[in-house]
Amino acid sequence: MLAEWEPQSAVQLTWPHKDTDWAPILPEITAVYEEMAREIKKREPLIVVDSIPHNDTWARDHGFITVEEQGDSLTTHHSPITTKVLLDFCFNGWGEKFEATLDNQINKHLYEQGIVKGIYEDHLDFVLEGGSIESDGKGTIFTTACCLMAPHRNQPLTQQEIEKRLKEWLGAERIVWLNHGSLIGDDTDGHIDTLVRICPNDTLLYTGGDEAHPDLAEMEKELQALRTLEGKPYRLLKLPLPRPIYDDGDRLPATYANYLIVNGAVLVPTYKQPDLDAEAMRIIGEAFPDREIVGIDCCAVIKQHGSLHCCTMQYY
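Residues numbered from 1 in each chain as written. Predicted model: local features only at pLDDT ≥ 70, side-chain atom pairs only at ≥ 80, totals over all residues. Heavy atoms only, no water.

## Quick word on the overall build of the protein
What the protein contains, in helices and strands, is eight helices and 17 strands. Taking 2.2 N^0.38 as the reference for a compact globule, 316 residues should give roughly 20 Å; the C-alpha atoms of the protein span a radius of gyration of 19 Å, in line with that estimate. Here the C-alpha coordinates of the protein stretch approximately 60 × 50 × 45 Å along the principal axes. For the protein, the residues scored as buried account for 57% of the 316 residues in total. Intrachain contacts of the protein at a sequence separation of at least 6 include 74% that bridge at least 24 residues. Total accessible area computed for the protein in this model is approximately 13400 Å², and 50% of it derives from carbon and sulfur atoms. Taking the average place of the 28 positive charges on the side chains of the protein and the average place of its 52 negative ones, the gap between the two points comes to 5 Å. (Helix = DSSP H or I, 4+ residues; strand = E, 2+ residues; numbered from the N terminus. Rg over C-alpha atoms; globule rule 2.2 N^0.38 Å. Buried < 20%, exposed > 50% of the residue type's maximum accessible area, 1.4 Å probe, protein only. Contact = heavy atoms within 4.5 Å. Areas by Shrake-Rupley, 256 points an atom, 1.4 Å probe, with all protein chains shown as cover. Lys, Arg positive; Asp, Glu negative; His and termini not counted. Charge placed at Lys NZ, Arg CZ, Asp CG, Glu CD.)

Below, the structure is given as structure tokens:
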């Protein structure tokens, strides 16, 4: 499975409409999607899923997961031939919490229309969301046990059985299972892309906690004890946790870890908290010193319990 910072050919947005959960704030969320679209289009092609029927707009979780398959070189003077394989997994509304039947048909539409190119692989008998896995592009996949082992996903498979499948399908040497960490208000059962992100040069960006999130301190201890495949400690960069944001009395799962890497830039969710927004962007810039760091106001996005990365999927 490729790392997100590899050169990209396009980013997908699945557009909000009146029949999605965005209906009560459709003008507000549309403005955010328009801003995301503008920033992406400055740097690479944009795929907008609009005319294809869809239940909702979380492209990260219903989009293809791309892996690179490496074949033999034609001669000793050529590099190995690489092929992009498009893995189409089942999205079932994060454990059947929400309807996702139409979302599961998007990938085949994109593939059959030639919009997304590669070798299609059908894995629709297995539930796996793009937000639940992170790859360093060299054999390590991060995930959380609380998500992949949550009810209504892939029971009765055991953790060992799921790990074996992930290694095979994603070309991984190891799966790092984090046993701690989740955000209040999170519908995903602890997606890794809200908590820990892999960056170049064995760097991990991760979400710090507050009094309401003591489990994030336990996650930090897990990361401190973790070693790379080469046996070295990771470089750890802690992101601030946004101050509490509420909607109808419920705390929303705001996080700066849910950023999107595009060609030449990192798009970072912000939450109208200038001091913390600036601090998060500065820290993310330490992990990506060769990229422009661009903030996008995602206060509307978290009203449906997601953020910027959740709305997007990149292709290579």
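The discussion continues.
## Some details on the side chain of Asn92
As for its position among the elements, Asn92 is in the loop between β4 (82–90) and α3 (93–96). One polar contact links the side chain of Asn92 to the main-chain amide nitrogen of Gly95, over a distance of 3.0 Å. Here His152 takes part through its backbone oxygen, which lies 2.7 Å from a polar atom of the side chain of Asn92. Ignoring sequence-local partners within four residues, the contact set of Asn92 consists of Lys97, Phe98, Ala100, Val127, Glu129, His152 and Arg153. (Polar contact = N/O pair within 3.5 Å; in protein donor to acceptor, adjacent residues only side chain to side chain.)

## Brief notes about the state of the cysteines
Each disulfide consists of one covalent bond between the sulfur atoms belonging to two cysteines. Under the criterion given, the structure shown has zero disulfides. Cysteine Cys298 remains unbridged, with the sulfur of Cys311 as its closest cysteine sulfur at 6.8 Å. Unpaired in terms of disulfides, Cys310 finds its nearest cysteine sulfur in Cys311, a separation of 6.4 Å. (Disulfide = S-S within 2.5 Å.)

## What about the packing of aromatic side chains?
Here the structure, examined in full by the defined rule, presents 13 aromatic pairs. Judged by centre distance (5.7 Å) and plane angle (55°), the rings of Phe89 and Trp169 are tilted. Of the two residues, Phe89 is situated in strand β4 and Trp169 in helix α6 (residues 159–170); the sequence distance between them amounts to 80 residues. Accessibility assignment for this pair places Phe89 and Trp169 in one class, buried. Measuring from centroid to centroid gives 5.0 Å for Phe126 and Trp169, while their planes differ by 80°, and the two rings are edge-to-face. Of this pair, Phe126 sits in strand β5 (residues 119–127) while Trp169 is found in helix α6, placing the two residues 43 residues apart along the sequence. Accessibility assignment for this pair places Phe126 and Trp169 in one class, buried. Taken together, the aromatic side chains of Trp22, Trp58, Phe91, Trp94 and Phe98 make up a single cluster linked through ring pairs. Above the plane of the ring of Tyr259 lies Arg197, whose end atom (NZ or CZ) is 4.2 Å from the centre. (Phe/Tyr/Trp six-rings, centres within 6.5 Å; stacked < 30°, edge-to-face > 60°. Lys NZ or Arg CZ within 6 Å of the ring centre and 35° of its normal.)

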